[in-house]
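# What the coordinates show
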Amino acid sequence: MPSSFKISRRGLITGAAVAGSGALLSGCDAFDSVADRSSGLRGFLEGAGNGLSYRIQRALIGNHSMAQEFSESEIRQPMRPNGVTRPDDQTYLGLAANGFADYRLQIAGLVEKPASFSLSELMAMPARTQVTRHDCVEGWSCIARWTGVPLGHVLDQAGVKREARYAVFYCLDTIERGLSGEVKYYESIDLVDARHPQTILAYGMNGQRLPVENGAPLRLRVERQLGYKMAKYVGRIELVDALSPIALGKGGYWEDRGYEWYAGI
Ligand SMILES: Nc1nc2c(c(=O)[nH]1)N[C@H]1C(S)=C(S)[C@@H](COP(=O)(O)O)O[C@H]1N2
Ligand SMILES: [Mo]
């Protein structure tokens, strides 16, 4: 991604977020070499059109390759929060005030039976813990230990219809307040990534409840892609057959502002 793009993105982020990210930048390392965005393969992939990049990556890494996992000793703490870190939405604040006891994750769209799950129901489902590296497009990485329920398991509870191709994540936080109104964060992945064994809805981080900064009560981990794909504060997951009808049509808040939809690492 050209550096001019990074600058334009920083320009889009409003005051507090910029101040916060600057202050915390030293808490995490720059990209590890494997994720170096200027590396030959990486640059080649990013230079390609988005659809082409997606197909090449799928061909190169396959549908089932695993993201690298690390040992506990490699955890760099604290996990650096980024983007929205303290949602001020009334609905969210109400849920947070009550320790998310009234939170329910909604599963809707192209499913056999729309469903909703409380946090304790999600925590009672099969759990997976993984120590993985989070790479933000801004050029820093963190390693943290994530615990959650495999997304595939949750989707199976609702029964995904055959025609569904993508899972869209609607978040509880407002990322943008502008002249054209308020925008809550949203993201999407395809069902290959949704059913990948390392794709989890995380409620735990580094052995604790997921902090508000990092997306409490529930955030997506999709380990083969960049940080902006990993929706925090997930309130609703909708199964769809196309992304074009959603918001500005590119499948995510940052994608609608120029980022690639398939943000493979
Ligand atoms: N709901 C929501 N999810 C989000 C964001 C956000 O602002 N709101 N920022 C994204 C970006 S750019 C990154 S790098 C990661 C940051 O996750 P962290 O705060 O746990 O470091 O969350 C991603 N998911
Ligand atoms: Mo990011």
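About the criteria used
- Residues numbered from 1 in each chain as written.
- Chains lettered and ligands numbered in written order.
- Predicted model: local features only at pLDDT ≥ 70, side-chain atom pairs only at ≥ 80, totals over all residues.
- Heavy atoms only, no water.
- Helix = DSSP H or I, 4+ residues; strand = E, 2+ residues; numbered from the N terminus.
- Buried < 20%, exposed > 50% of the residue type's maximum accessible area, 1.4 Å probe, protein only.
- Contact = heavy atoms within 4.5 Å.
- Areas by Shrake-Rupley, 256 points an atom, 1.4 Å probe, with all protein chains shown as cover.
- Phe/Tyr/Trp six-rings, centres within 6.5 Å; stacked < 30°, edge-to-face > 60°.
- Polar contact = N/O pair within 3.5 Å; in protein donor to acceptor, adjacent residues only side chain to side chain.
- Arc of directions from axis to C-beta.
- Near = heavy atom within 4 Å.

### Describing the overall build of the protein
Scanning the protein for helices and strands turns up eight helices and eleven strands. Burial statistics for the protein: of 265 residues in total, 51% are counted as buried. Taking all contacts inside the protein whose residues are at least 6 apart in sequence as the whole, residues at least 24 apart take part in 72%. For the protein, the computed accessible surface area is about 11800 Å², with 55% contributed by carbon and sulfur atoms.

### Here we look at the packing of aromatic side chains
Within the structure shown, the criterion is met by nine aromatic pairs. Taking 5.3 Å as the distance between ring centres and 80 degrees as the angle between the ring planes, the aromatic pair formed by Tyr92 and Tyr233 counts as edge-to-face. Taken together, the residues Tyr92 in helix α5 (residues 90-97) and Tyr233 in the loop between β10 (219-221) and β11 (234-240) connect sequence positions 141 residues apart. The pair formed by Tyr92 and Tyr233 is uniform in burial state, with each residue classed as buried. Taken together, a centroid distance of 5.7 Å and an interplanar angle of 90 degrees make the contact between Tyr166 and Trp261 edge-to-face. Placement of the pair is Tyr166 in strand β6 (residues 166-178) and Trp261 in the segment after β11, with a sequence separation of 95 residues. Each member of the pair, Tyr166 as well as Trp261, carries the same accessibility label: buried.

### Structural notes on the side chain of Glu223
Residue placement: Glu223 occurs in the loop between β10 and β11. On the basis of relative accessibility, which here comes to 4%, the residue Glu223 falls in the buried class. One polar contact links Glu223 to Gln130, side chain to side chain, over a distance of 3.0 Å. Of note is the side chain of Glu223, whose polar atom sits 2.9 Å from the side chain of Thr132. Residues contacting Glu223, with those up to four places away along its chain left out, are Ala67, Gln130, Thr132, Arg133, Trp146, Gln198, Met230 and Ile265.

### Regarding helix α7 (residues 151-158)
For α7, the set of buried residues is Leu151, Gly152, Val154, Leu155 and Ala158. Buried residues of α7 fall within an arc of 160 degrees about the axis and therefore sit on the same side.

### Thoughts on the site of ligand 1
Around ligand 1, the structure places 23 residues, and the nearest of them are Arg80, Asn82, Val84, Asp173 and Lys232. In this structure, an oxygen atom belonging to ligand 1 sits 2.8 Å away from a main-chain N or O atom of Asn82. Here an oxygen atom of ligand 1 sits 2.9 Å away from a polar atom, N or O, in the side chain of Arg219. Among the elements that line the shell around ligand 1, the one with the most residues is β6, at three residues.

### Concerning the environment of Tyr170
One can find Tyr170 in strand β6. Remark: the alpha-carbon pair of Tyr170 and Ile237, spanning 67 residues in sequence, is separated by 6.2 Å. Residues within four places of Tyr170 in sequence aside, it is in contact with Tyr185, Tyr186, Tyr233, Val234, Gly235, Arg236, Glu238 and Ile246.

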